[in-house]
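Observations on chain architecture
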Protein chains: 2
Amino acid sequence: MTSTVLAPTDRNSGTPAAHALLDVLVGWGIRRVFCCPGSTEAAFLDAVVERSAEVELVLTTHESVAVAMADGAARITGQPQVAYLHTNVGLANGVAHLTAAQLGNAPVLLLNGLKSTALQGRDGFTTVPYPRDTIRQHVKWARQVTSADALAADVARALRTSVAEPAGPTWIGLPQDVLESTAPAGVAPETVRPVDVPRNRPDRDAVADAARLLAGATRPVLVAGGDVARHGAVDALVTLAERLGATVLGEDRRGFQRTAFPTAHPRFAGWYAPTHPAVTAADLVFFVGCRVFTEFEAPVGDEFPRHATVLHAHVDPTEVGRLHPVRLGLVGHLGAVLDDLLAALPPNATRATAEGGSSPAGIGGGSAQGGSVAAGAPGSGVRPAFPGHVGLGAVVAALVDGLGTDPTVVLDATTATPALLSALPQHRPDQVLLSSSGSLGWGAGAALGVQLARPGHQVVAVLGDGSFQFGIQALWTAAHYRIPVTFVVLNNGSYSAVGSALHRFGGAARRTGRWPGTDIGGPRIADIATGFGVPATRVTGPADLAAALRAVRDTAGPALVEVLTGPGAPS
Amino acid sequence: MTSTVLAPTDRNSGTPAAHALLDVLVGWGIRRVFCCPGSTEAAFLDAVVERSAEVELVLTTHESVAVAMADGAARITGQPQVAYLHTNVGLANGVAHLTAAQLGNAPVLLLNGLKSTALQGRDGFTTVPYPRDTIRQHVKWARQVTSADALAADVARALRTSVAEPAGPTWIGLPQDVLESTAPAGVAPETVRPVDVPRNRPDRDAVADAARLLAGATRPVLVAGGDVARHGAVDALVTLAERLGATVLGEDRRGFQRTAFPTAHPRFAGWYAPTHPAVTAADLVFFVGCRVFTEFEAPVGDEFPRHATVLHAHVDPTEVGRLHPVRLGLVGHLGAVLDDLLAALPPNATRATAEGGSSPAGIGGGSAQGGSVAAGAPGSGVRPAFPGHVGLGAVVAALVDGLGTDPTVVLDATTATPALLSALPQHRPDQVLLSSSGSLGWGAGAALGVQLARPGHQVVAVLGDGSFQFGIQALWTAAHYRIPVTFVVLNNGSYSAVGSALHRFGGAARRTGRWPGTDIGGPRIADIATGFGVPATRVTGPADLAAALRAVRDTAGPALVEVLTGPGAPS
């Protein structure tokens, strides 16, 4: 094979195994491959030329963008998506955002072009001795294909593993010699046929116990996690909340991945926090499809409502009781869990419906949280707090005002997140998407993936200026393919999460008002975007933000609006 | 400790262990820390506030830039440099460029802020179960510090390990609780004292045998590897070449890291290739301080000159005979190897000096290689080749014309590399720096590190447009600190290495002239740079390039010149 590859002659001696790869992807309904290629992927790229009617290569100029796009598209469709990365260095560049896909349970298949098998044992160019070491703690399954005959089956297994619950990323290493091999590689029918993902159902006795506990609770709180949306069970959770007259909170924002409950619903009362009035007053807390918890900082464990009866429903049995023993666990697909619970609720539990008009405890707690992180820790009045975003409330209000009636918003703006989560419209599942990975830059690429999966729908990425720089290469893909995402960059010229941490630390930085590692001011972000071919505007405050957003709402391609939110900005 | 950290009060109850870390770094002469911080590093950042006279934080807006800067500074100084990255995601973002430091034997210490120990066992925010898995195949030593008492000793050991031969990166994981701990952490005197790196010397009998073989060869070829420069042994190699009347080649460009022989010297004859006339005619080939080899693509092994007597000198015993048995290996620091060899050469070997004026075999081979990759594979006349850079020869000539008399040039322009390597002035060691990692984007950051280590000296980064996007965040650091690097971007609007690979593959792409995954045109790179605060110019061809470079030669801050080298550009 190899000498054929190197010879500058026409290739006419057989079909490379790359076509078997495409057979599997196309069979699974995959129409796009998000890619940042190198020379090792030539056989794949060449096969795409021949089969451009079946599959589109979506080019990115950094692997992190390819991964985030696949993640965004996978989250919004629930279907597997493919990112194709180049060798060890390309894989490394994709890892940080892959952690977002992992935490968001996005079925992303990472294909990774590797140098030919013969080079791997010789420390060849762009090889590492142990490719799987780079990736294995970030995927459900990792396999380097060892022969053309095994390629289709390995890729199909990776796809099946990605979509199986709990869904998540997988990795397939594709050595160049395998991909280029023209050995007869049989593609078995089962490899090109997508599977129905089986649903697990909770234990019948556990459901009965849970229904009795829920019906007997006087001040129940339901905590809606992202998996409720991912499993298409939001309506069922709304029904449960109404029947129980329960207060509903969104999951703690550290674990927030996607809108899982309509925030305008009368039973919704903000986001989970151990100090939330509904939580402190609750006699029962039912965590539904969320992690308990994604802890941010020591001391640990203080978020758990020990005073209440705690129930936890999750599709993954290892998540139930992972950090805290709970009274009762319901392991199952959340559609099944909620359907079974609703069926098992005693009729008298429906009495609560009549009381449903009463205001749930702590309503408005969500809004009250808005901007609290940006404003610094409580009790910071003596020393000057790190400024963070200035006038954030007004900016967020203008942002909401300028958006359309039903946008999907991807958030990647660290310290502005609480205010945005509270203010953005969240009428329907997945309306706001977020990563709990801490990997800055994810949002720009993820929004592009969401937009491709939802053509004709308004998709907005709200980014901090730090995140903007991390994800900047997404602008190239947005411009090249004219993907009509609107990027909004809240530019406060600083890593304000670092500033807040220094403030909390309470040392010399706070004493002197010097904040090393925080000043990232200077860039004219709108000018940079224009250089990339994305039409852009800089506005200096909320007064112009809404108008700027309205002006670009119906443009056919991407647009960017930069709004200054730093100390010098008008508030 | 932890509750103190979280309390928003002044910290006045002891000195955090972060100061012990600074004690070690400062003791080792480290005055800068290249950093992209997050909240876990607050104690370190705070300590920097108090000790700003001793150490400077150099902020970057992507971890890859911090790593490349440390690498550039480490290569040019030979002294250890420090990059400080944030948690699992920041570490992942630094890995690709760390492979460059690894291959370039740069003593880079990666400090990696980790979440508090208590969170690591609880899948906390930005944690992974096995942090070392991400990094261990890229470093000589990897250790997560487990207590404040061990911090200084662990960091000192990492520094000693980094500078020991063969030099290379090390990793220290620093949990937040350890860094913030105010437990009395003793800093032993030996941890704050840099070491002299011991030199190994080759076996005396081996030296005698090598000297005899060299003296007896009639057409010897010396292949000068980067370690000759790294070990300060270029003058000794020049002397050896002159005494032997040997032809000198630079190491194969796939392994090239740094200028290791003056290319204008009469004995220099281009770069190593198995087909080079000097190699095919040689009866002895002596590889000095290079890898044998960094292979790019199968078939493997064909680069080795089996017809000749082969000697290999390297500081690392595992490099000698790694892929190919050699007649004789000389394991040692190259200064020692060459000094010993010169002393052991029989007096009659100096006869060759008198013949030194004769032209070495194959001179000009280097220039002949120029542009060969960009021009497509040989025999490509029948089908249209992928265009790559157009008029590259003239552009490179204009580039050389526009540079000052003694620039240091960092290359990161994949397909233009052969032409640049042949044409750029290489009078002195380390004048041209390159990475053999294949990690695009390294050059921009590396040039900044070189410039900081060589203030007042002209440093130029020559980048492809693909590499420009990968390393774009370096512009922020260049602008913020006014680091006077000149960036030259050869913008051909394409991943031409991918195009060349598709051409070599000889399939549908070549047949149809469609090259998927190659078109990255569109960005106005000069405008993007201006948006970052780096003054920039776009020129359309060689005629204006030299003038544009002369115009920015003596500016006090960074500058960028974009030159169009794509098919549409004037040639």
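The name given to chain A in an unreviewed UniProt entry is Benzoylformate decarboxylase, and the organism recorded there is Plantactinospora endophytica. For chain A, the Sequence similarities (unreviewed entry) comment in UniProt is given as "Belongs to the TPP enzyme family."

1. Considerations on the pattern of salt bridges
Side chains that carry opposite charge are capable of pairing whenever their charged atoms lie near each other. Under the criterion given, the structure shown has 46 salt bridges over all chains. For E319(B), the salt bridge goes to R322(B), with nearest N and O atoms at 3.2 Å. If you follow the salt bridges from partner to partner, you end up with D123(A), R291(B), E319(B) and R322(B) in one network.

2. Regarding the relation of the copies chain A and chain B
Aligned on chain B, chain A shows an RMSD of 0.0 Å; the corresponding rotation is 180 degrees and the shift along the axis is 0.0 Å. On this basis, the relationship between the two copies can be described by a two-fold rotation axis. The C-alpha atom lying nearest the rotation axis in chain A is that of I528(A); the distance is 2.2 Å. Most of the interface of chain A is mirrored in chain B, where 99% of its interface residues are also at the interface.

3. Focus: the nonpolar core
Residues L25(A) and L25(B) are the most contacted members of the largest nonpolar core, which totals 218 residues. When near neighbours in sequence (up to four residues on either side) are disregarded, L25(A) contacts I30(A), V33(A), V82(A), L109(A), L111(A), V155(A) and L159(A).

4. Some points on the pairing of strand 1 (residues 32–35) of chain B
Residue and element names in this part refer to chain B. Strand direction decides the pairing type here: strand 1 and strand 2 (residues 56–59), joined by four bridges, are parallel. Across the sheet, F34 pairs through a bridge with V58, a residue of strand 2. Handedness of the strand 1-helix 3 (residues 42–50)-strand 2 crossover: right-handed.

5. Details of the UniProt feature "domain: Thiamine pyrophosphate enzyme TPP-binding" (unreviewed entry) in chain A
Taking the UniProt record as the reference, the feature "domain: Thiamine pyrophosphate enzyme TPP-binding" (unreviewed entry) is found at residues 423–563 of chain A. End C-alpha to end C-alpha, residues 423–563 of chain A measures 17 Å, and it is 43% helix and 16% strand.

6. Details of the environment of P558(A)
All names here are of chain A. Counting through the fold element by element, P558 comes out in the loop between helix 25 (542–552) and strand 18 (559–564). Remark: the alpha-carbon pair of P558 and N491, spanning 67 residues in sequence, is separated by 19 Å. Beyond its immediate chain neighbours, meaning those up to four positions away, P558 contacts A478, A479, R482, I483, P484, V485, F487, V534 and P535.

Definitions and cut-offs
- Counting restarts for each chain: residues are numbered from 1 in the order of the written sequence.
- All chains are assigned letters beginning at A, and all ligands numbers beginning at 1, according to the order in which they are written.
- Residues qualify for local features only when their pLDDT is at least 70, as the model is predicted, and side-chain atom pairs are given and counted only at 80 or more; totals for whole chains, interfaces and linings, by contrast, use all residues.
- Note that water and hydrogens are dropped before the side-chain values are worked out from all heavy atoms of the structure.
- UniProt positions are given in the numbering used here, feature names are shortened, and annotations may be inferred rather than shown by experiment.
- Each salt bridge in this description consists of a side-chain nitrogen of Lys or Arg and a carboxyl oxygen of Asp or Glu lying within 4 Å of one another.
- When the copies are superposed, the least-squares fit draws on C-alpha atoms of residues that have pLDDT of at least 70 in both.
- Any two residues having at least one pair of non-hydrogen atoms within 4.5 Å are treated as being in contact.
- We define a nonpolar core as any set of buried Ala, Val, Leu, Ile, Met, Phe, Trp, Tyr and Cys residues linked to one another through side-chain atoms lying within 4.5 Å.
- Accessibility here uses a 1.4 Å probe with only protein chains present; expressed as a share of the type maximum, an area under 20% marks a residue as buried, one over 50% as exposed, and anything in between as partly exposed.
- Should DSSP find at least two bridges between two strands, the strands are regarded as paired.
- Helix and strand labels come from DSSP, where a helix needs a run of H or I of at least four residues and a strand needs a run of E of at least two; each type is numbered from the N terminus.
- Seen with its strands pointing away from the viewer, a crossover is right-handed if its path from the first strand over the helix to the second goes clockwise.

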